[in-house]
Amino acid sequence: MSGDDLVEVRGTLDGEPYHAEVPVWASLLDALEAAGRPLPAGCRGGQCGSCTVSLDGVPTPACVVPAGAAAGAVVETARRAALPVLVAELAAAGATQCGYCSPGLVVALSHLLSTSPSLDAPAVREALTGHLCRCTGYEAIVTATLAAAARLTS
Amino acid sequence: MAYLRPATIASALAARAELPRALVCGGGTAVQPAMNAGLLRPADVLDLGGLRDGAAIDACGDRVRLGPVVRVAAAARAHALGAGVLDGLLRGFATPAVRERATLTGNLFQAPADLAVVLTALDGSLIAAAARSRGERRLPVTTADALEPDELAIGLDLAVPAAFAYERLAVREVAAPTLAAVAAALLAGGPRAAVTGYRTGTAVPCPGAVPHLADPAGADGFAAEVVAAAAPPTPYARRSVAALARRCHRRIHRGDARGDADVRR
Ligand SMILES: Cc1cc2nc3c(=O)[nH]c(=O)nc-3n(C[C@H](O)[C@H](O)[C@H](O)COP(=O)(O)OP(=O)(O)OC[C@H]3O[C@@H](n4cnc5c(N)ncnc54)[C@H](O)[C@@H]3O)c2cc1C
Ligand code: FES
Ligand code: FES
């Protein structure tokens, strides 16, 4: 990314201030990488969901957000946005194999569980649209999310 | 080199006048992937995402005006076009996360633009403005490329339908490009219909289909006119478009034509 003038991005990442300098055409994904916090990145086109973060409370693929648009925003990765009950259920159900998709979909599913705790399988599948998992076949992820929802509401 | 994120439409128009070659960005869901892939390397970016006065949804009688950065998901949640009208479309549009960022206005500058057929059936227009002139001008939603270099789209003007139906053909329900789509609406000014043209890939109004849309027994005539407007290249494509049109007609006349359009394989 050298040879271009840089824009400065400052915001909050997992509760701490962060700072990055990236070209005007760079994404939030690039800015987080420049700040020393790379995320899994598959497509860089908003299609695989692996780079999903919580951006001001909304699950968002970091690769579709211009870095400059995230200046001042609160960014949370799975480190901070993950619901422990979901992580426990995913582990118990064997819903993580290579783990490449996991940080992104944990952000999206934690948001789903926080905003609508009583869920059914179609709602979980809808939330998984845009998250590609090549290993699990999704069933274990859906089962684990429903189990987490049941624990949250019991 | 600058990244500009104005807070008001007036300051965005001033920035556009000063930097007419800057890449305009709404939600960024189309331009950022293109920048990631190296297809766009703008010297300057004009990001409209921070417009405080850009996300308003203002109803006025049987019409609604949407600001330039109204997001697709927000418009659906706010029932901007009436309860459920956008639901059928949204089932097949992008992904939940992308819908939260993507703007309706930005969609019309893209090809293919799935919203164009819906907004054409809703008698929609793009509202354009420039800093140099005080007034606004209106363009058909399919002519976003006719904007002057110093203009921005500052909103959309649409009719709120009394009934609406949308049908789409794609290889899968979600995350698959639209092969063909038909939208039909009953508006205060009369019925309207639009179809995705097979040759052009853009939305085509179907004025010849309107009398058949008004007629409960006019499904076949409606389908024939819609097929003529879409000009599908093969018998299979013609049958598919006709089937979509008949479904739209049926929904409008069954009285359940509010957004519950199914996505057809
Ligand atoms: C995973 C994924 C799935 C997608 N699925 C679909 C789909 O199913 N159907 C579909 O139609 N699209 C789809 N898209 C494309 C895109 O998300 C949509 O077209 C979206 O509505 C674009 O809106 P935006 O605000 O993000 O546009 P941006 O990327 O910000 O801008 C798009 C274009 O509009 C111009 N522009 C934006 N606002 C203005 C303005 N106010 N004045 C002048 N010019 C302006 C920009 O310069 C650019 O040329 C998808 C994208 C992704 C990443
Ligand atoms: S890398 Fe961002 S969605 Fe695939
Ligand atoms: S666990 Fe390997 S991609 Fe999902």
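Residues numbered from 1 in each chain as written. Chains lettered and ligands numbered in written order. Predicted model: local features only at pLDDT ≥ 70, side-chain atom pairs only at ≥ 80, totals over all residues. Heavy atoms only, no water.

Visitor: Can you walk me through the sheet that holds strand S6 (residues 125-130) of chain B in this structure?
Guide: The pairing of strands in a sheet happens through backbone hydrogen bonds and is either parallel or antiparallel. Residue and element names in this part refer to chain B. Judged by pairing direction, the sheet is antiparallel, and its 5 strands sit side by side in the order S4-S5-S8-S6-S7 without closing on themselves. Every interior strand has two partners, whereas the edge strands, strand S4 (57-60) and strand S7 (136-140), have only one. In this sheet, neighbouring strand axes are inclined to one another by 30° on average, regardless of whether the strands run parallel or antiparallel. The strands touched by helix H1 (residues 9-18) are S6 and strand S8 (151-159); relative to S8, the strand with the most contacts, the crossing angle is about 135°. (Pairing = 2+ DSSP bridges. Helix = DSSP H or I, 4+ residues; strand = E, 2+ residues; numbered from the N terminus. Axes fitted to C-alpha atoms, helices over the stretch in contact; angles between N-to-C directions. Contact = heavy atoms within 4.5 Å.)

Visitor: Which parts of the structure should I look at to understand the domain arrangement of chain B?
Guide: Many descriptions give the size of an interface as the accessible area lost when the pieces come together. Residue and element names in this part refer to chain B. Here chain B is partitioned into domain 1 (2-159) and domain 2 (163-254). With 17 residues of domain 1 in contact, the opposing surface of domain 2 contributes 20 residues. Roughly 1,400 Å² of surface becomes buried between domain 1 and domain 2 when both sides are summed, with 68% attributable to carbon and sulfur atoms. Ranking the residues of domain 1 by area buried against domain 2 places Val 117, Thr 120 and Ala 121 at the top, with a combined share of 35%. Summed over the shared surface of domain 1 and domain 2, the result is 1 salt bridge. Residues Arg 192 and Asp 123 are paired through a salt bridge, measuring 3.6 Å at the closest nitrogen-oxygen approach. (Domains from an automatic or database assignment. Buried area = accessible area lost by both parts, 1.4 Å probe. Salt bridge = Lys/Arg side-chain N within 4 Å of Asp/Glu carboxyl O.)

Visitor: Sorry if this is basic, but what is going on with helix H6 (residues 139-153) of chain A here?
Guide: It helps to recall that an α-helix has 3.6 residues per turn; residues three or four apart then point in one direction. With 15 residues, H6(A) extends 21 Å from end C-alpha to end C-alpha; this agrees with the ideal 21 Å at 1.5 Å per step. Buried residues along H6(A) sit in contact with helix H3 (84-92), helix H4 (102-115) and helix H5 (121-128) of chain A. (Expected span 1.5 Å × (residues − 1).)

Visitor: How should I be thinking about the site of ligand 1 in this particular structure?
Guide: Inspection of the region around ligand 1 gives 30 residues, with Val24(B), Gly26(B), Gly27(B), Thr29(B) and Thr103(B) positioned closest. One finds residues of chains A and B in close proximity to ligand 1. Separating an oxygen atom of ligand 1 from a backbone N or O atom of Gly26(B) is a distance of 2.6 Å. Between ligand 1 and the protein, one listed contact pairs an oxygen atom with a backbone N or O atom of Gly28(B) at 2.8 Å. Taken by itself ligand 1 offers 980 Å² of open surface, and the protein chains cover 87% of this. Only strand S2 (23-25), helix H6 (104-107) and S8 of chain B provide two or more residues apiece to the shell around ligand 1. Counting residues per element, the shell around ligand 1 draws most heavily on H6(B), at 3 residues. (Near = heavy atom within 4 Å. Polar contact = N/O pair within 3.5 Å; in protein donor to acceptor, adjacent residues only side chain to side chain. Areas by Shrake-Rupley, 256 points an atom, 1.4 Å probe, with all protein chains shown as cover.)

Visitor: What's the story with the domain arrangement of chain A in this structure? I'm lost.
Guide: Residue and element names in this part refer to chain A. When its domains are assigned, chain A resolves into domain 1 (3-77) and domain 2 (82-153). Opposite the 13 residues of domain 1 that make contact, domain 2 presents 10 residues. Together, the buried faces of domain 1 and domain 2 total about 860 Å²; carbon and sulfur atoms form 63% of this surface. At the surface where domain 1 touches domain 2, the tally comes to 0 salt bridges. Counting every contact that joins domain 1 to domain 2 gives 4 residue pairs in polar contact (both at pLDDT 80 or more). If you tally residues by element for the side of domain 1 that touches domain 2, the top one is strand S3 (residues 52-55), at 3 residues. For the side of domain 1 that touches domain 2, the class distribution of residues is 5 nonpolar, 8 polar and no charged. (Nonpolar A, V, L, I, M, F, W, Y, C, P; charged D, E, K, R; others polar.)

Visitor: Please clarify how the packing of aromatic side chains should be interpreted in this entry.
Guide: Working definition: an aromatic ring pair is given by the centre-to-centre distance plus the angle between the planes. Counting across every chain of the model gives 0 aromatic pairs over all chains. Taking the ring centre of Trp25(A) as reference, the NZ or CZ of Arg41(B) above it sits at 3.4 Å. (Phe/Tyr/Trp six-rings, centres within 6.5 Å; stacked < 30°, edge-to-face > 60°. Lys NZ or Arg CZ within 6 Å of the ring centre and 35° of its normal.)

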